[in-house]
Amino acid sequence: MSERPYNFSAGPAVLPPEVLQEARGALLDLDGSGIGVLEHSHRGEVFRRVLAEAEAACRALANIPEDYAVLFLQGGAATQFHMLPANFLPEDGVADYLVTGAWSKKALAEARHYGAVHIAASGAKGGFREIPGAAEIACSAAPSYVHFTSNNTIYGTQWAREPEPPESSWLACDASSDVFSRPIEIARYGLLYAGAQKNLGPAGVTLVVLRRALLQRAVRELPAMLRYALHAENNSLYNTPPAFGIYVMGRVFAWLQRQGGLAEMARRNAEKAQIVYAAMEGDFYRAVAHPNSRSHMNAVFRTPSAELDSRFVQEAEAAGLRGLRGHRSVGGMRASLYNAFPRAGCLALAEFMRDFARRAG
Ligand SMILES: *Cc1c(COP(=O)(O)O)cnc(C)c1O
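We now turn to the structure provided with this report. (Residues numbered from 1 in each chain as written. Predicted model: local features only at pLDDT ≥ 70, side-chain atom pairs only at ≥ 80, totals over all residues. Heavy atoms only, no water.)

### Remarks on the overall build of the protein
Right, so step 1: Within the protein one finds nine helices and 14 strands.
Right, so step 2: Every one of the 361 residues in the protein was classed for burial, and the buried ones make up 54%.
Right, so step 3: Nonlocal contacts in the protein, meaning residues at least 24 apart in sequence, comprise 67% of its contacts between residues at least 6 apart.
Right, so step 4: Of note, the protein has its 37 positive side-chain charges centred 4 Å away from the centre of its 35 negative side-chain charges. (Helix = DSSP H or I, 4+ residues; strand = E, 2+ residues; numbered from the N terminus. Buried < 20%, exposed > 50% of the residue type's maximum accessible area, 1.4 Å probe, protein only. Contact = heavy atoms within 4.5 Å. Lys, Arg positive; Asp, Glu negative; His and termini not counted. Charge placed at Lys NZ, Arg CZ, Asp CG, Glu CD.)

Here it is as structure tokens:
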């Protein structure tokens, strides 16, 4: 495994090698049961233990209060874009959205199917290079909820701290690309969701953490699979859950705890990002994000020309630095530095960047 290239992919993304080793073993024999993780009944004792352990590890890691449900659902973050308003935005209600990029725009578009939306702030004019400041946020009088995207994977911007919802309302967050990359005070949120494939595990499972009290407020009739209350009552076992994803996520939670927990991850992630941003100093590279909004998860940058960007990506690939091409809507390069991405890979990228600038600049 030591021969593997550095994988800067934005998602699906790098996972801890120790967890991959564990998963390799579990494919053939899960916890000494003689049956592999892909083959166990989700109603059986062995898988139930996997589910219980994943939930317990998640609660311990993020200090999730008892009055919050932890759900393992399917359909990705994109399903949460419509499940959230379907459950909580009444037809005559208003939901507030903080629009900081393409993912928040998609979340907003889905809410319009269910009720009215209010754009409480938007970074569109500035090309989403900056997170709105408190003075630029204007919520509606009594929104059903206030939705924001904690880390904008495509532009490389990240909220330094949560926005403040009006007192009668609550925060809903798409944390797909920075969940558990730093400590989080769950009590500040009504609902938080994250597709697993960036910071938590394989594609195919979505983590949802939500305040149980919200489950009493059904705002419309919905098909079974769209109802958070049903999934919560059945402890994510209403139908066959994404068993392998839940297994890997549980192992990732345990790995994060062994590393020292979320405070230690925040320290490491800040240091890793600093190594990469420091290599952009000078006038060869340009970071896409404004300095006050730079993400610790996705560092997005350009060289002076699209031709040099292409050459950068090609030469980096040849040097074992994979997955650096930027999102097709932004261009340039994107280095994704999630929890499992090693510091040594950041040092290797920084060295490559300085060398490339000397040769091409
Ligand atoms: C990747 C990403 C998504 C899309 O997630 P899917 O699981 O593919 O639906 C949504 N929001 C953010 C912030 C993302 O980074």
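### As for helix α3 (residues 76-88)
Right, so step 1: For α3, spanning 13 residues, the distance from its first C-alpha to its last is 19 Å, which sits close to the expected 18 Å at 1.5 Å a residue.
Right, so step 2: α3 sits mainly inside the fold: 10 of its 13 residues count as buried. (Expected span 1.5 Å × (residues − 1).)

### Focus on the pattern of salt bridges
As a working rule, side chains carrying opposite charge can pair if their charged atoms are close by.
Right, so step 1: On inspection of all chains with the given rule, the structure shows 14 salt bridges.
Right, so step 2: A salt bridge links Arg258 to Glu18; the nearest nitrogen and oxygen atoms lie 3.2 Å apart. Linking Arg258 in helix α6 (residues 243-259) with Glu18 in helix α1 (residues 17-28), this pair joins segments that are 240 residues apart in sequence.
Right, so step 3: On the basis of relative accessible area, Arg258 is assigned to the partly exposed category, the value being 46%.
Right, so step 4: Where Glu264 meets Arg268, a salt bridge forms, and the shortest distance between an N and an O atom there is 2.9 Å. Here the residue Glu264 and the residue Arg268 both occupy positions in helix α7 (residues 261-278), the gap between them amounting to four residues, near one helical turn.
Right, so step 5: Ionic contacts of the salt-bridge type, sharing partners, join the residues Glu264, Arg267, Arg268, Glu271 and Arg343 into one network. (Salt bridge = Lys/Arg side-chain N within 4 Å of Asp/Glu carboxyl O.)

### Details of the site of the ligand
Right, so step 1: Taken together, the neighbourhood of the ligand is formed by 13 residues, with Ala78, Thr153, Asp174, Gln197 and Lys198 sitting nearest.
Right, so step 2: At 3.0 Å from an oxygen atom of the ligand is found a main-chain nitrogen or oxygen belonging to Ala77.
Right, so step 3: A distance of 2.4 Å is found between an oxygen atom of the ligand and a side-chain nitrogen or oxygen belonging to Thr153.
Right, so step 4: In isolation the ligand has 390 Å² of accessible area, and contact with the protein removes 86% of it.
Right, so step 5: Of all the elements, α3 adds the most residues to the shell around the ligand, at four residues.
Right, so step 6: The class makeup of the residues in the shell around the ligand is four nonpolar, seven polar and two charged. (Near = heavy atom within 4 Å. Polar contact = N/O pair within 3.5 Å; in protein donor to acceptor, adjacent residues only side chain to side chain. Areas by Shrake-Rupley, 256 points an atom, 1.4 Å probe, with all protein chains shown as cover. Nonpolar A, V, L, I, M, F, W, Y, C, P; charged D, E, K, R; others polar.)

### Focus on the packing of α1 against α6
Right, so step 1: Running from amino to carboxyl end, α1 crosses α6 at an angle of 145°, the nearest separation of the two axes being 10 Å. Of the two possible hands of crossing, α1 and α6 adopt the one that is right-handed. Along its contact with α1, which presents Glu18, Val19, Glu22, Ala23, Ala26 and Leu27, the element α6 presents Phe244, Tyr247, Val248, Arg251, Val252, Trp255 and Arg258.
Right, so step 2: Tallied by class, the residues present in the contact of α1 with α6 amount to nine nonpolar, no polar and four charged. (Axes fitted to C-alpha atoms, helices over the stretch in contact; angles between N-to-C directions. Left-handed = near helix turned anticlockwise from the far one by under 90°.)

### Things to note about α7
Right, so step 1: With 18 residues, α7 should reach 26 Å at 1.5 Å per residue; the first-to-last C-alpha distance of 26 Å fits that figure.
Right, so step 2: Within the span of α7, buried status applies to Gly261, Leu262, Met265, Asn269, Lys272, Ala273, Ile275, Val276, Tyr277 and Ala278.
Right, so step 3: Those residues of α7 that are buried are in contact with α2 (45-62), α6, β12 (298-302) and α9 (343-360).

### Considering the packing of aromatic side chains
Right, so step 1: Summed over all chains, the structure comprises 21 aromatic pairs.
Right, so step 2: Aromatic side chains Phe88 and Trp170 sit 5.2 Å apart centroid to centroid with 90° between the ring planes, which places their arrangement in the edge-to-face category. Within this pair, whereas Phe88 is found in helix α3, its partner Trp170 is found in the loop between β7 (157-158) and β8 (171-174), the two being separated by 82 residues in sequence. Here Phe88 matches Trp170 in class, with each residue buried.
Right, so step 3: Ring centres 5.5 Å apart and planes at 80° place the aromatic pair Phe148 and Trp159 in the edge-to-face group. Note that Phe148 is positioned in strand β5 (residues 146-149) and Trp159 in the loop between β7 and β8, a separation of 11 residues in sequence. Accessibility assignment for this pair places Phe148 and Trp159 in one class, buried.
Right, so step 4: Connected via pairs of aromatic rings, a cluster forms that spans Phe284, Tyr285, Phe301, Phe312, Phe352 and Phe356. (Phe/Tyr/Trp six-rings, centres within 6.5 Å; stacked < 30°, edge-to-face > 60°.)

### Comments concerning unusual backbone geometry
Right, so step 1: A cis amide bond, omega -10°, links Gly11 with the succeeding residue Pro12.
Right, so step 2: Locating Pro12 in the fold gives a position in the loop between β1 (6-7) and α1.
Right, so step 3: Of note in this structure, Phe128 is not a glycine but carries a positive phi near 60°.
Right, so step 4: For Phe128, the position within the fold is in the loop between β4 (116-122) and β5.

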